[in-house]
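What the coordinates show
What follows is each chain in one-letter form.
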Amino acid sequence: MSGVQILEVAADADGQRLDRWLKRIFPNVTQGRIEKMCRKGELRIDGARVKASTRIEQGQSIRVPPMPESPAEKRDAPQISDADAHMMRDAVIYQDADILAINKPPGLSTQGGSKQTRHVDGLLDALRFDAANRPKLVHRLDKDTSGVLLLARSGHAAAGLARAFQSKSTRKIYWAATAGVPTPRDGRIEMGLVKQAGHGPHGAGEKMVALHPNEVSTTPGAKHAITDYSVLEGLAARAAWVALEPITGRTHQLRAHMAAVGHPIVGDGKYGTNAQDNLGDGWGAQLGGDVSRKLHLHARRIAFRHPISGHDVTITAALPRHMRETWDFFQWSEEAAPSDPFEDER
C-alpha cells in the first residue's frame, strides 16, 4: 500500500479521462474504487473534487490516496500465447530493477479500445521476469507508431516517471520519412490543435485540425502545440528523413503538424490524404513503388532522469523492418545521423 501522492499530469496524458490515466499508473485499481475515491473527495485535481470522467490537463496536480500494490480481488490473468510472449520479450531494449523499455512494433496498440483486443497492456504479464507484479504503462504511442515505450516495474517508479515526463531533462526524438523536403531544413512548428467535429467512417472524430496560434484562444477545445524538426537527409524534392521533437505532447501532434506544413509523414492515411495541401510535388503520403504504405514514424530515442537512481538514461530503438527497407531503398545511412540533432538548441 502506497502513501498519499501528488502526481503532475505529463504532456502525453493531456486530455485523458482521469480514470483511464489512474489505471495506467495503478493497473490494479478497479473502476468501482476510483468512483468511490471521487465521491469521498479523496481523489482531487488542484485541490478540487472531481469525477472519474473528468478530463485532465498537462501540468495539473492530482492528489492520489494510498493505492494497493496488489489487486484487492484475485483476477484471472489474461491468456498470452507463446508467440506473443516471445514477441514481447524480444522487444525489450532496456531493463533494470525499476524500469523496462520495449521497442514497440508498429500495428500494436498500447492500450485496448474500440475493436482493439490485442495490445501492449494486455501482454504485460509476459514481462514480469523476476518481479511480483506486472510492469505498468507510463506513456503511450499510437498504434502505427513504433519505437521506445517505457514501463515502470513498481508504483514508485511509475509515479517518478510521470513526474519525469514534466521535466526539461526528459526528451523524445522521433524519426520520420516525409513527402517532400521541409523548408527551411531546420525549424519549429507552432500551430494549435483541436479535435475535428463529427464521427465519420474514417475516424474523423479522432482527427486533429491545425490552427494558427492566434486562433487557439478563441477556439473551444484548442491547445497550443510545438514541434521542432530537422531534415537529416533529402531525396531531391520527393522525400526527406526528418528528426522530430515534440515540445508539447498533444494527440497526433507530429502527424498533424507535418501535414499542416505540406509534408505529411509517409504512410499516414489519416493526415496525408489528397485533401492535404501537399508541397512534396503532389506525392501525398504514399510514395508508391517499393516504399511501404505503413506509417513511417518511429520513437527513436528517449532521454530522462531515472526516477529511483537519479542517473541520466538514454534509450535508442532500432527502426522497424518497413522503415529500414525504405531507408535502404533511399540509401539513407542510420550511422550518419547525429544522436541528438537538436543538441545545439538546448
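The present account deals with the structure reproduced in this document. In this convention, every chain numbers its residues from 1, walking through the sequence in written order. Local features in a predicted model are, by the rule used here, given only for residues with pLDDT of at least 70; side-chain atom pairs are given and counted only at 80 or more, and totals for whole chains, interfaces and linings are based on all residues. Heavy atoms from the whole structure form the basis of all side-chain values; hydrogens and water molecules are not counted.

**Some thoughts on the overall build of the protein chain**
Runs of H or I in DSSP of at least four residues are treated as helices and runs of E of at least two as strands, each being numbered from the N terminus. A count of helical and extended segments in the protein chain gives six helices and 16 strands. Here's how the labels work: a residue is buried when its accessible area is under 20% of the maximum for its type, exposed when over 50%, partly exposed in between, all with a 1.4 Å probe on protein chains only. Looking at the protein chain as a whole, 50% of its 346 residues are labelled buried. What sets the accessible areas is the Shrake-Rupley method with a 1.4 Å probe; for residues, cover comes only from the shown protein chains. When the accessible surface of the protein chain is summed, it comes to about 16,600 Å², and 47% of that surface belongs to carbon and sulfur atoms.

**Structural notes on the environment of A91**
Tracing the chain through its elements places A91 in the loop between α3 (82-90) and β5 (92-95). We call two residues contacting when some pair of their heavy atoms lies within 4.5 Å. Ignoring sequence-local partners within four residues, the contact set of A91 consists of A101, I102 and N103.

**Quick notes on the pattern of salt bridges**
We define a salt bridge as a side-chain nitrogen of Lys or Arg found within 4 Å of a carboxyl oxygen belonging to Asp or Glu. Applying the stated criterion to the full structure yields 15 salt bridges. A salt bridge links D130 to R153, with the nearest nitrogen and oxygen atoms 2.9 Å apart. A residue pair is termed long-range when its members are at least 10 positions apart, and D130 in the loop between β6 (99-104) and β7 (136-137) and R153 in the loop between β8 (146-152) and α4 (155-164) qualify at 23 residues. A salt bridge links D142 to R255; the shortest N-O distance between them is 3.3 Å. You can see D142 sitting in the loop between β7 and β8 and its partner R255 sitting in helix α5 (residues 253-260), a full 113 residues away along the chain. The class for R255 is buried, based on a relative accessible area of 11%. If you follow the salt bridges from partner to partner, you end up with D121, D125, R128 and R134 in one network.

**Focus on the sheet that holds strand β1 (residues 5-8)**
Should DSSP find at least two bridges between two strands, the strands are regarded as paired. With antiparallel pairing, four strands are arranged side by side in an open sheet as β1-β4-β2-β3. Every interior strand has two partners, whereas the edge strands, β1 and β3 (48-49), have only one. Across two bridges, strand β2 (residues 44-45) lies against β3 in antiparallel orientation. The residue bridging R44 from the neighbouring strand is R49, located in β3. Packing against the sheet, helix α1 (residues 18-25) makes contact with β1, β2 and β4 (61-64), and its axis sits at approximately 65° to β4. Axis angles are defined between N-to-C directions and span 0 to 180 degrees, where every axis is a line fitted to C-alpha atoms and, for a helix, only to the segment in contact.

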